[in-house]
Amino acid sequence: MVKFEGQIIEYIREYSMLRPGDAVVVGVSGGADSVALLRVLVSIRDNCPEYQELAIKAVHINHMIRGAEADRDESFVKSLCEKLRVDFKVYKKDIPQMAEELHLTEEEAGRIYRYQCFEEEAAISEAKIEAGSGVDSEVKLGTGKVRIAVAHNKDDLAETVLYNLVRGSSLLGLAGIKPVRDRIIRPLLMTSRNEIEEYLKEIGQEFITDSTNLETEYARNKIRLSILPALKEINEGASEHLVNIAMDATRLGEDIRKEVETGYKKLNLDEGDSENEKEVSIDIEGMRTLSSLAQGELVLTAMEKVCGRRKDITREHLQQTISLGDMESGKGVNLPYGMIAERVYDRIIIRKNSEVLDEERAVTGRLETKVFDYEEGISISKKEYTKMIDYDKINSALCLRLPQPEDYIVISAEGGTKKLSRFFTSEKVERSRRGSVPVVADGNEIVWIVGFRLSERYKVTSETRRVMRIDYVAEGIKEN
């Protein structure tokens, strides 16, 4: 075992990333970082008695972006896994099409799909462990956990700090990448890209280079290829200093979250009980007893409880909400996801605004769902108010609601989309009726326009693994 591998093993032990009997799903692109991670895990399996039962499954994602080059990468990883006696699984996805359908960048779409695949393989491995059959053909497992190992390194952490900084992140947002998050582990996080490449050279291991990593049209590539090198010209230790900032932000974040947790209980924040009238009420004087950073985190936590997410809630939104404490009762600000914050006497109330609530209340029907495995020859319901969809195509959570301005639906097998307003026009739906047509939505993507049509993207095909049956139930509706 070479020195580099010993250092990574100590880092794994320090953060309890792996325990005896565990299994690990590792993402392997074929690049230097992921190949080094795979080689280290194999060395652990073969040389460390405590991890001799470690079952490794490599997952490779073919993003279908680079044609023959992507196929070359897949072949390389497959051959490497065969050589190292590691289970191998490949997933293929047209990421450009996915990005277009979901209105995401290719970077974002690729990341979402990668982690979906990792989680799916982890779930499969968990099921095999529970059944006592092991993860691969050679290893029998006990009651270990399944981890997902990804190859982020010290340079990635520095790039993330810069990326978050220029996007307007708060101080706590500079913490960037963590060594362990839930089941995800990052054994290489405290090693540099140079150290990784030196290790591969030492053991005589080849790797491949993704040509898209050299294209500056991607935001992170600009940071990697242009900004960080320029910073290193000013100070060779630029990356190391950025990593230190991330570590400081992580420690500060832990302290702030403890303060917020204590403050949340001490302030006795009131939360509405109704699903449609979820709100949080913050005592202004109590909030002022917290540090400024803790006030921002407290308000962000309250918003998350109302809308269920943090993304796209900015520093400005937090400052506007906190500043209501200095205004007269009745003042308010509009927030993302249909929320509003309002000063009401000695409290700040964060809730869904009345227009959004009125729309939500207008849907009087309900959905009944059932998920089951796909079987060849399955009978697809043709009932008007019953549909079957590919369950694994769902990106977040289905929502029964009324149409919104940005809604769209996939209308062709090739992925062509149409704004919902244009669909209603082409179907000659009266304007007075359009706002009251219930839709089943996955974000702004419409899965089913109830009473009209199902999205092409969610239709059940021979490649479907799990099916969801959806029944729309509303008073006065009878099936034909």
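This one's a predicted model, so the numbers in the text were calculated from it and none came from an experiment.

Engineer: What is the right way to look at the side chain of Asp 73 in this model?
Structural biologist: Examined against the element boundaries, Asp 73 turns out to sit in helix H3 (residues 68–84). Filtering out sequence-adjacent residues up to four positions away, Asp 73 remains in contact with Ser 29, His 60, Arg 66 and Ile 208.

Engineer: It is not clear to me how the sheet that holds strand S12 (residues 366–373) should be interpreted in this structure. Could you clarify?
Structural biologist: Sheet strands associate in pairs through backbone hydrogen bonding, adopting either a parallel or an antiparallel arrangement. Strand order in the open sheet formed by three strands is S12-S20-S13, with antiparallel pairing between adjacent strands. What marks the edges here is a single partner per strand, and that holds for S12 and strand S13 (386–390). In this sheet, neighbouring strand axes are inclined to one another by 25 degrees on average, regardless of whether the strands run parallel or antiparallel.

Engineer: Would you take a moment to explain the sheet that holds strand S4 (residues 146–149) for this structure?
Structural biologist: With mixed pairing, six strands are arranged side by side in an open sheet as S3-S2-S1-S4-S6-S5. Either end of the sheet is taken by a strand with one partner, and the two such strands are strand S3 (87–92) and strand S5 (180–181). Relative to strand S2 (residues 55–62), strand S1 (residues 23–27) runs parallel, the two sharing five bridges. By the bridge assignment, Val 26 is partnered in S2 with Ala 58. Set on the sheet, H3 makes contact with S2 and S3; between it and S2 the angle comes to about 170 degrees.

Engineer: I keep staring at helix H2 (residues 32–47) and nothing clicks. Help me out?
Structural biologist: Taking 1.5 Å as the rise per residue, H2 with 16 residues should run 22 Å; its terminal C-alpha atoms sit 22 Å apart, in good agreement. With 14 of 16 residues buried, H2 lies mostly within the body of the structure.

Engineer: For this particular structure, what's the right way to read the side chain of Glu 445?
Structural biologist: Within the secondary structure, Glu 445 sits in strand S18 (residues 445–449). Here the side chain of Glu 445 touches Arg 457 through a polar contact of 2.8 Å, side chain to side chain. Beyond its immediate stretch of four places on either side in the chain, Glu 445 contacts Leu 102, Asn 395, Tyr 408, Val 410, Val 440, Ser 455, Arg 457 and Tyr 458.

Engineer: Explain the pairing of S2 here, please?
Structural biologist: Regular strands place side chains that alternate from one sheet face to the opposite one. Along S2, eight of the eight residues are buried, which leaves the element largely enclosed by surrounding structure. Here S2 shows a buried face lined by Ala 55, Lys 57, Val 59 and Ile 61 and a second buried face lined by Ile 56, Ala 58, His 60 and Asn 62. Chirality of the crossover, the property in question, places the unit of S1, H2 and S2 among those that are right-handed. Alignment of S2 against S3, held across six bridges, turns out to be parallel. Note on S3: the bridge partner recorded for Lys 57 is Asp 87. Crossover handedness for the path S2 to H3 to S3: right-handed.

Engineer: Which parts of the structure should I look at to understand the nonpolar core?
Structural biologist: Within soluble globular proteins, side chains that are nonpolar generally end up buried alongside one another. Among the nonpolar cores identified, the biggest contains 52 residues, and Val 26, Leu 38, Leu 41, Ile 44 and Ile 56 are the most heavily contacted of them. Contacts of Leu 41, omitting those with residues within four sequence positions, involve Leu 18, Val 24, Val 26, Leu 54, Ile 56 and Ala 149. Core analysis: the next-biggest nonpolar cluster, separate from the first, contains 25 residues, Ile 282, Val 306, Ile 313 and Met 339 among them.

Engineer: Even after reading the chapter, I still don't get the packing of helix H4 (residues 95–102) against helix H5 (residues 106–131), so can you show me in this structure?
Structural biologist: Between two packed helices, both the angle of their axes relative to each other and the distance between the axes serve to describe the pair. At a closest axis distance of 8 Å, the pairing of H4 and H5 adopts a crossing angle of 105 degrees. Here H5 runs roughly perpendicular to H4, going by the angle between their axes. Judged by residue contacts, Ile 95, Pro 96, Met 98 and Ala 99 of H4 engage Glu 106, Ala 109, Gly 110, Ile 112 and Tyr 113 from H5. Along the lines of polarity and charge, the residues of the contact of H4 with H5 split into seven nonpolar, one polar and one charged.

Engineer: In this structure, what is going on with the confidence of the model for the protein? I would like to understand it.
Structural biologist: Segments scoring low in pLDDT should not have their predicted coordinates read at a detailed level. Per-residue confidence for the protein gives a mean pLDDT of 84; residues scoring 70 or more make up 88%. Per-residue pLDDT stays below 50 along residues 135–142; that stretch engages in 26 contacts with residues further than four places along the chain or on separate chains.

About the criteria used
- Residues numbered from 1 in each chain as written.
- Predicted model: local features only at pLDDT ≥ 70, side-chain atom pairs only at ≥ 80, totals over all residues.
- Heavy atoms only, no water.
- Helix = DSSP H or I, 4+ residues; strand = E, 2+ residues; numbered from the N terminus.
- Contact = heavy atoms within 4.5 Å.
- Pairing = 2+ DSSP bridges.
- Axes fitted to C-alpha atoms, helices over the stretch in contact; angles between N-to-C directions.
- Expected span 1.5 Å × (residues − 1).
- Buried < 20%, exposed > 50% of the residue type's maximum accessible area, 1.4 Å probe, protein only.
- Polar contact = N/O pair within 3.5 Å; in protein donor to acceptor, adjacent residues only side chain to side chain.
- Right-handed = clockwise from strand over helix to strand, strands pointing away.
- Core = buried A, V, L, I, M, F, W, Y, C linked by side-chain atoms within 4.5 Å.
- Parallel < 35°, antiparallel > 145°, perpendicular 65-115°, else oblique.
- Nonpolar A, V, L, I, M, F, W, Y, C, P; charged D, E, K, R; others polar.
- pLDDT = per-residue confidence, 0-100.

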